[in-house]
Amino acid sequence: RAAPARGAWRAVVTGVLIVVFAVIVTVTGTEPSPANAKQGFFGQLLATFFHALDPGTIAGDGGTWRFLLLMLLLTVAGLFIVSALIGVIATGIDDKLASLRRGRSLVIEKDHTVVLGWSDAVFAIVRELSIANESRKKPAIVILADRDKVDMEEDIREKVADLKGTKVVCRTGSVLDIGDLALTNHGLARSIIVLSPGGEEPDADVIKTLLALTHDSRDEGAHIVAEIHDPQNLEAARLVGGDRTVIVDKRETIAR
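This report concerns the structure included in the present document.

1. Considerations on the overall build of the protein chain
Reasoning step 1: Scanning the protein chain from N- to C-terminus turns up nine helices and six strands.
Reasoning step 2: Out of the 256 residues in the protein chain, the part that is buried amounts to 38%.
Reasoning step 3: Of the contacts formed within the protein chain by residues at least 6 apart in sequence, a portion of 69% connects residues at least 24 apart.
Reasoning step 4: Summing over all exposed atoms, the protein chain offers an accessible surface of approximately 14,800 Å²; the carbon and sulfur share of this is 60%.

2. A word on the packing of aromatic side chains
Reasoning step 1: Applying the stated criterion across every chain, the model contains one aromatic pair.
Reasoning step 2: Their ring planes at 90 degrees and their centres at 5.6 Å tell us that Trp118 and Phe123 sit as a pair that is edge-to-face.
Reasoning step 3: The class of Trp118 is partly exposed, set by a relative accessible area of 22%.
Reasoning step 4: Of note, Lys159 hangs over the ring of Phe123, and the distance from its end group to the ring centre comes to 4.5 Å.

3. A closer look at the packing of helix α7 (residues 202-214) against helix α8 (residues 234-241)
Reasoning step 1: One can describe the packing of α7 onto α8 by two numbers: an axis separation of 9 Å at closest approach and a directional angle of 10 degrees. As summarised for this structure, α7 and α8 are arranged roughly parallel, according to the angle between their axes. Judged by residue contacts, Ile207, Leu210, Leu211 and Thr214 of α7 engage Ala236, Ala237, Val240 and Gly241 from α8.
Reasoning step 2: Of the residues contributing to the contact of α7 with α8, the split by class is six nonpolar, two polar and no charged.

4. Examining the pattern of salt bridges
Reasoning step 1: Counted under the stated rule, the structure contains eight salt bridges.
Reasoning step 2: The shortest N-O distance in the salt bridge between Glu109 and Lys167 comes to 2.8 Å. With Glu109 in the loop between α3 (65-102) and β1 (113-116) and Lys167 in strand β3 (residues 167-172), the pair connects residues that are 58 residues apart, well separated along the chain.
Reasoning step 3: We classify Glu109 as buried; its relative accessible area is 12%.
Reasoning step 4: Of the charged contacts, one joins Arg190 and Asp111 as a salt bridge, the two residues approaching to 3.9 Å between their closest N and O atoms. Here the residue Arg190 occupies a position in the loop between α6 (178-182) and β4 (191-194), and Asp111 occupies one in the loop between α3 and β1, the gap between them amounting to 79 residues.

5. As for helix α4 (residues 121-132)
Reasoning step 1: Along its 12 residues, α4 runs 16 Å from first to last C-alpha, staying within 8% of the 16 Å computed at 1.5 Å per residue.
Reasoning step 2: Along α4, the positions that sit buried rather than exposed are Val122, Phe123, Ile125, Val126, Leu129 and Ser130. Viewed along the axis of α4, the buried residues span an arc of 160 degrees, placing them on a single side of the element. Along α4, the residues that are exposed and aim more than 90 degrees away from the buried face are Glu128 and Ala132.
Reasoning step 3: Contacts from the buried residues of α4 go to β1, β2 (140-145), α5 (149-159), β3 and β4.

6. Side note on the sheet that holds β3
Reasoning step 1: Strand order across the open sheet formed by six strands is β3-β2-β1-β4-β5-β6, with parallel pairing between neighbours. Either end of the sheet is taken by a strand with one partner, and the two such strands are β3 and β6 (245-249). Going from strand to strand, the sheet's axes swing by 15 degrees on average, the running direction of each strand aside.
Reasoning step 2: Relative to β4, β1 runs parallel, the two being bridged by four bridges. In the sheet register, Leu116 faces β4, and the bridge partner there is Val194.
Reasoning step 3: Across the sheet, α4 lies against β1, β2, β3 and β4, angled at about 165 degrees from β2, the strand it touches most.
Reasoning step 4: Where α5 meets the sheet, its contacts fall on β2 and β3, and the angle it forms with β3 comes to roughly 150 degrees.

7. Details of the pairing of β1
Reasoning step 1: Taking every second residue as pointing to the same face, both faces of β1 are buried, with Thr113 and Val115 on one and Val114 and Leu116 on the other.
Reasoning step 2: When β1 meets β2, the two strands line up parallel, connected through four bridges. In the sheet register, Thr113 faces β2, and the bridge partner there is Ile141.
Reasoning step 3: Crossover connection from β1 via α4 to parallel β2: handedness right-handed.

8. Examining the packing of α4 against α5
Reasoning step 1: α5 packs onto α4 with a crossing angle of 65 degrees between their chain directions and a minimal axis gap of 10 Å. As α4 runs across α5, the sense of the crossing is right-handed. Across the interface between the two elements, Phe123, Val126 and Arg127 of α4 pack against Asp155, Ile156 and Lys159 of α5.

Analysis parameters
- Residues numbered from 1 in each chain as written.
- Predicted model: local features only at pLDDT ≥ 70, side-chain atom pairs only at ≥ 80, totals over all residues.
- Heavy atoms only, no water.
- Helix = DSSP H or I, 4+ residues; strand = E, 2+ residues; numbered from the N terminus.
- Buried < 20%, exposed > 50% of the residue type's maximum accessible area, 1.4 Å probe, protein only.
- Contact = heavy atoms within 4.5 Å.
- Areas by Shrake-Rupley, 256 points an atom, 1.4 Å probe, with all protein chains shown as cover.
- Phe/Tyr/Trp six-rings, centres within 6.5 Å; stacked < 30°, edge-to-face > 60°.
- Lys NZ or Arg CZ within 6 Å of the ring centre and 35° of its normal.
- Axes fitted to C-alpha atoms, helices over the stretch in contact; angles between N-to-C directions.
- Parallel < 35°, antiparallel > 145°, perpendicular 65-115°, else oblique.
- Nonpolar A, V, L, I, M, F, W, Y, C, P; charged D, E, K, R; others polar.
- Salt bridge = Lys/Arg side-chain N within 4 Å of Asp/Glu carboxyl O.
- Expected span 1.5 Å × (residues − 1).
- Arc of directions from axis to C-beta.
- Pairing = 2+ DSSP bridges.
- Right-handed = clockwise from strand over helix to strand, strands pointing away.
- Left-handed = near helix turned anticlockwise from the far one by under 90°.

Now the structure itself:
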């Protein structure tokens, strides 16, 4: 079960333990010394609560040996439960940190630039966008690629020394998957850049990414710039991208 569920069960066990020991002390008449006595059942309930959570409470107890034995048992049981609860909390924090490290959480940025894919052009794009964003308030660039999040962040820190206040957020996922694309919060983005990946048919992946971005005709979405390697695929890319997309012919641009 998840950490909150495990913590809730331990809280329930602690509550039951406190009530049971308070009832035993009250029913059997095993009262503490007058100096430490509490008023009524609810006062004893409060006393057992302190014994279960604070082992030092038993040091100030007085009364019959039966009462001291009961409180000792309660304190030992409380130690086990509290130790288990601390372990659950620590495990939950570790799991959350591991999840954040995997880069699978939804970004909260708005009016940001989304870069889909990874190539050597990423560093030049980030460098130019950081210069263009100097006049903007809290600018952000979100990069989605099928690479490890930490590796992407380290590469950007090495290749782009000065981001000029621009925040770069990396996420791990496939640019062809609608669910992974949703991690970038592209619906609230200012612009989207689709890079041409390597391989034998890079344009096919670019066109599939455009289909994933524009599949909902009701969503006007952000301005898209897509990179096409083969000029023969320009018309297909323009047809899929629609009016919101600008197609860049990679060969022609490099030649110019």
